[in-house]
Amino acid sequence: MVDSTALRAAFARRLSAMYGTEVPAYNTLVDVAQEVNREVLERMGADAERLGSIDRVTAERHGAIRVGTPAEMAQVARIFGAMGMYPVGYYDLREAASSSVPVVSTAFRPVDEAELAANPFRVFTSMLVAGDRRFFDEDLERRLGEFLGARRLFPPRLLELADRAEAEGGLDDQAAEEFLTLATRAFELSREPVSRSWYTELERISSVAADIGGVPSTHVNHLTPRVLDIDALYTRMSERGIAMIDAIQGPPRWNGPDLLLRQTSFRALAEPRVFREDDGRVVEDDLRVRFGEVEARGIAVTPAGRALYDELTAELDAALAGQRVTAEERNTVAAGLWEGRVPSTEAELVTGDLAYFTFHTTGHGTGTRPASAPPADLAALLAEGRVTARPIVYEDFLPRSAAGIFQSNLTSDGSKDVTRAGAEFGPEALAGVLGRTLHDPYELYASIRAASLARVRDELGLGRE
Ligand code: OOG
Ligand code: NI
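If you're wondering where the values come from, they're calculated on a predicted model, not measured in any experiment. (Residues numbered from 1 in each chain as written. Chains lettered and ligands numbered in written order. Predicted model: local features only at pLDDT ≥ 70, side-chain atom pairs only at ≥ 80, totals over all residues. Heavy atoms only, no water.)

Let us look at the coordination of the nickel ion (ligand 2). The coordination sphere of the nickel ion (ligand 2) contains the protein donors His-62 (NE2), His-222 (NE2) and Glu-293 (OE), at a distance range of 2.1 Å. Sequence spacing of the donor residues for the nickel ion (ligand 2), all on one chain, is H-x159-H-x70-E. Of the two residues, His-222 sits in strand β8 (residues 222-225) while Glu-293 sits in strand β10 (residues 282-297), which places them 71 residues apart along the sequence. For Glu-293, a relative accessible area of 2% corresponds to the buried category. (Donors = N, O, S within 2.8 Å, 3.2 Å for Na, K, Ca; no water. Helix = DSSP H or I, 4+ residues; strand = E, 2+ residues; numbered from the N terminus. Buried < 20%, exposed > 50% of the residue type's maximum accessible area, 1.4 Å probe, protein only.)

And the structure:
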């Protein structure tokens, strides 16, 4: 029996091998990330593994895919469900300033602590909102519906195996092999001809819409390795002559713990694609839609921590409004803001309830009362050294960075008619499409924290709260 954890790990490896043959620069990115990770491990020892073992980090990837309809989204949920990946979080990229990205998104990922530790593979998945009048008029919505309704992204056999795997917790060896082969193939770049006029019509509105709705199949948009020092990686990729986007997205490099998520990418590459012209001729041309991204993950923050992050981001924008600054200058201003306002130690993040941690007994009571009963409150337990805190890594995404990633790789500005009202499509609607719970990331982090506190109370004989 190949269980869902093993299916997920194997699928991540196969996608990685497949994407490496399709986009060789991805292999360079993975090589450089691993080189940097080895150096960080040598330099920092055990501290380098504070946010995940080196084995986890080395294997860790996120993918991004884009689908066109609720029916396709529901099928994706079944395929990932087979691999123990469930929808977490809601991202509305339509709202991103001035951008023409007519999608809403979620991330499929494991939700349990042990599953995340075994293999945290996650896939950022976006769905076109064809009913949004800021982007598509009624006629185009109808034609999109016809085009998308006529294509089949996932063969019935793949979906059947997915359902079986989810119901039974895995597949036998032969069925697992078939499932993995079909699932990987579904995300390969297709050689099927793309209608030039249809693609171009959609591209005028949004290159993301064209990438999704202009082609008869789907594909991985990018696959992202994790790196322990993204600043070092950025410099090294540039030295290798790979054109990176201007900046590292997310929190700045600063003098304190890594929080949330920092990401950067290299620019979309021209890839050969087959087109059918209006006169019926089939020609080879190229498209720039796929790219390589890399990320450094930090500690998950609580709602209060996130509010602080958003506030500092808004202040940074205000401070730099109308100025042309380099990425380095921007980082300096951001780091300055952070240093005054964000605690620079994990201990203060714990006491300020700004970030998520798990708690563990240390087996000793240093401090002043080694033989006495442990104090009941967490702050005292930490102060006495009876309990230690370990950070919980951020497993999710940042909408602004996601918008930035989309944006930096669009080939056309597209057009968005902001005078029209957008279509309502919130988290409840997305959950309805998925036919499953759309998990709230904060609740997941909080429950991992709560489970660790319950263990601490048991181990110290403190009784339940
Ligand atoms: C997804 C962009 C978002 C991230 O890492 O924030 C994303 C896409 O381009 O389809 O992958
Ligand atoms: Ni990404």
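Neighbouring ligand 1 are the residues His-62, Ala-64, Arg-66, Phe-124, Asn-221, His-222, Gln-263, Glu-293, Phe-397, Ala-402 and Phe-406. In the environment of ligand 1, an oxygen atom lies 2.9 Å from a nitrogen or oxygen atom belonging to the side chain of Gln-263. Here an oxygen atom of ligand 1 and a side-chain polar atom of Glu-293 are 2.9 Å apart. Here ligand 1 loses 100% of its free accessible area of 320 Å² to cover by the protein chains. Judged by the proximity of its atoms to the pocket grid, ligand 1 belongs to the largest cavity. Of all the elements in the fold, those that place two or more residues in the shell around ligand 1 are β2 (61-67) and α16 (399-408). A per-class count over the shell around ligand 1 returns 5 nonpolar, 4 polar and 2 charged. (Near = heavy atom within 4 Å. Polar contact = N/O pair within 3.5 Å; in protein donor to acceptor, adjacent residues only side chain to side chain. Areas by Shrake-Rupley, 256 points an atom, 1.4 Å probe, with all protein chains shown as cover. 1 Å grid on protein atoms, 1.4 Å probe; cavity = no way out; pocket = protein on both sides within 12 Å on 5 of 7 lines; lining within 4 Å. Sits in = over half its atoms within 2 Å of the grid points. Nonpolar A, V, L, I, M, F, W, Y, C, P; charged D, E, K, R; others polar.)

Take the sheet that holds strand β4 (residues 103-109) next. Read from one edge to the other, the open sheet built from 5 strands follows the order β3-β4-β5-β2-β8, with strand pairing classed as mixed. Of all the strands in the sheet, the pair left with one neighbour each is β3 (86-92) and β8. In this sheet, adjacent strand axes meet at a mean angle of 20 degrees when their direction is disregarded. In this structure, β2 lies alongside strand β5 (residues 122-128), joined through 6 bridges in parallel fashion. Paired with Arg-66 across the bridge in β5 is Ser-126. (Pairing = 2+ DSSP bridges. Axes fitted to C-alpha atoms, helices over the stretch in contact; angles between N-to-C directions.)

The contact between helix α4 (residues 70-81) and helix α7 (residues 156-168) brings their axes to 8 Å, and the two run at 50 degrees. Between α4 and α7, the angle is such that the two are oblique. Between α4 and α7 the crossing geometry is left-handed. Contacts from Gln-75, Arg-78, Ile-79 and Gly-81 in α4 reach Leu-158, Leu-159, Ala-162, Asp-163 and Glu-166 in α7. (Parallel < 35°, antiparallel > 145°, perpendicular 65-115°, else oblique. Left-handed = near helix turned anticlockwise from the far one by under 90°. Contact = heavy atoms within 4.5 Å.)

A few words now on the packing of α7 against helix α8 (residues 173-186). The relative placement of two packed helices is expressed as an angle between their axes plus a distance between the axes. Between α7 and α8, the shortest axis-to-axis distance is 9 Å and the interhelical angle comes to 130 degrees. On the basis of the axis angle, α7 is oblique to α8. The chirality of how α7 crosses α8 is left-handed. For the pair α7 and α8, contact is made by Arg-157, Leu-158, Leu-161, Ala-162 and Arg-164 and by Ala-175, Glu-178, Phe-179, Leu-182, Ala-183 and Ala-186, respectively.

Here we come to the sheet that holds strand β7 (residues 194-195). Read across the sheet, 3 strands follow the order β7-β9-β10 without closing on themselves; strand pairing throughout is mixed. In the strand order of this sheet, the two ends are held by β7 and β10, each with one partner. As defined by bridge partners, strand β9 (residues 261-276) adjoins β10 across 14 bridges and the pair is classed as antiparallel. Residue pairing across strands places Ser-265 opposite Glu-293, the latter belonging to β10.

Picture a little ball the size of a water molecule; that probe, rolled over the atoms, points out where space is still empty. Going through the model one piece at a time under the given rule, you end up with 7 cavities of 30 Å³ or more. For the largest cavity, the calculated volume is near 140 Å³. In terms of lining residues, the largest cavity is bounded by 16 residues, among which Ala-64, Phe-124, His-222, Ala-402 and Ile-405 are the most central. Those elements giving two or more residues to the lining of the largest cavity turn out to be β2, β5, β10 and α16. Looking at the second largest cavity, the residues that line it are Arg-66, Ser-207, Val-208, Asp-211, Asn-221, Arg-288, Val-289, Phe-291, Phe-406, Asn-409, Leu-410 and Thr-411. Of the residues that constitute the lining of the second largest cavity, the class distribution is 5 nonpolar, 4 polar and 3 charged. (Points joined across faces, edges and corners; volume = space filled by probe spheres on them.)

Another point: the pairing of β8. The alternating pattern of β8 places His-222 and Thr-224 on one face and Leu-223 and Pro-225 on the opposite face, and all of these are buried. Direction of pairing for β2 relative to β8: antiparallel, over a ladder of 4 bridges. The partner of Gly-63 across the bridge, within β8, is Leu-223.

What follows is about the nonpolar core. If you look at the biggest cluster of nonpolar residues, it comprises 68 residues, and the most contacted ones within it are Leu-7, Phe-11, Phe-80, Phe-154, Phe-179, Phe-187 and Leu-233. Excluding its chain neighbours within four sequence positions, the residues that come into contact with Phe-11 are Phe-80, Met-83, Phe-121, Leu-180, Ala-183, Thr-184 and Phe-187. Grouped together as the second largest cluster of nonpolar side chains are 33 residues, Val-101, Tyr-199, Val-208 and Ala-402 included. (Core = buried A, V, L, I, M, F, W, Y, C linked by side-chain atoms within 4.5 Å.)

Looking now at the pattern of salt bridges. By the definition in use, this model includes 48 salt bridges. Between Arg-50 and Glu-346 there is a salt bridge whose closest N-O contact spans 2.7 Å. On the criterion of sequence distance, the pair formed by Arg-50 in the loop between α2 (24-44) and α3 (54-59) and Glu-346 in helix α14 (residues 346-351) is long-range, its members being 296 residues apart. You can call Glu-346 partly exposed: its relative accessible area is 22%. (Salt bridge = Lys/Arg side-chain N within 4 Å of Asp/Glu carboxyl O.)

Take the packing of aromatic side chains next. Tallying each qualifying case throughout the model produces 16 aromatic pairs. Relative to Phe-397, the ring of Tyr-91 has its centre 6.4 Å away and its plane inclined at 85 degrees; by these criteria the two rings are edge-to-face. With a gap of 306 residues between them, Tyr-91 in strand β3 and Phe-397 in the loop between β12 (387-391) and α16 connect regions that are remote in the sequence. Accessibility assignment for this pair places Tyr-91 and Phe-397 in one class, buried. (Phe/Tyr/Trp six-rings, centres within 6.5 Å; stacked < 30°, edge-to-face > 60°.)

Moving on to the layout of surface pockets. There is about 1,200 Å³ of room inside the largest pocket. Residue lining of the largest pocket: 38 residues in total, with Ala-247, Ile-248, Gln-249, Arg-330 and Arg-400 positioned closest to the centre. Secondary structure elements with two or more residues in the lining of the largest pocket: α11 (230-239), β9, α12 (303-320), α13 (327-341) and α16. Across the lining of the largest pocket, the residue classes tally to 17 nonpolar, 12 polar and 9 charged.

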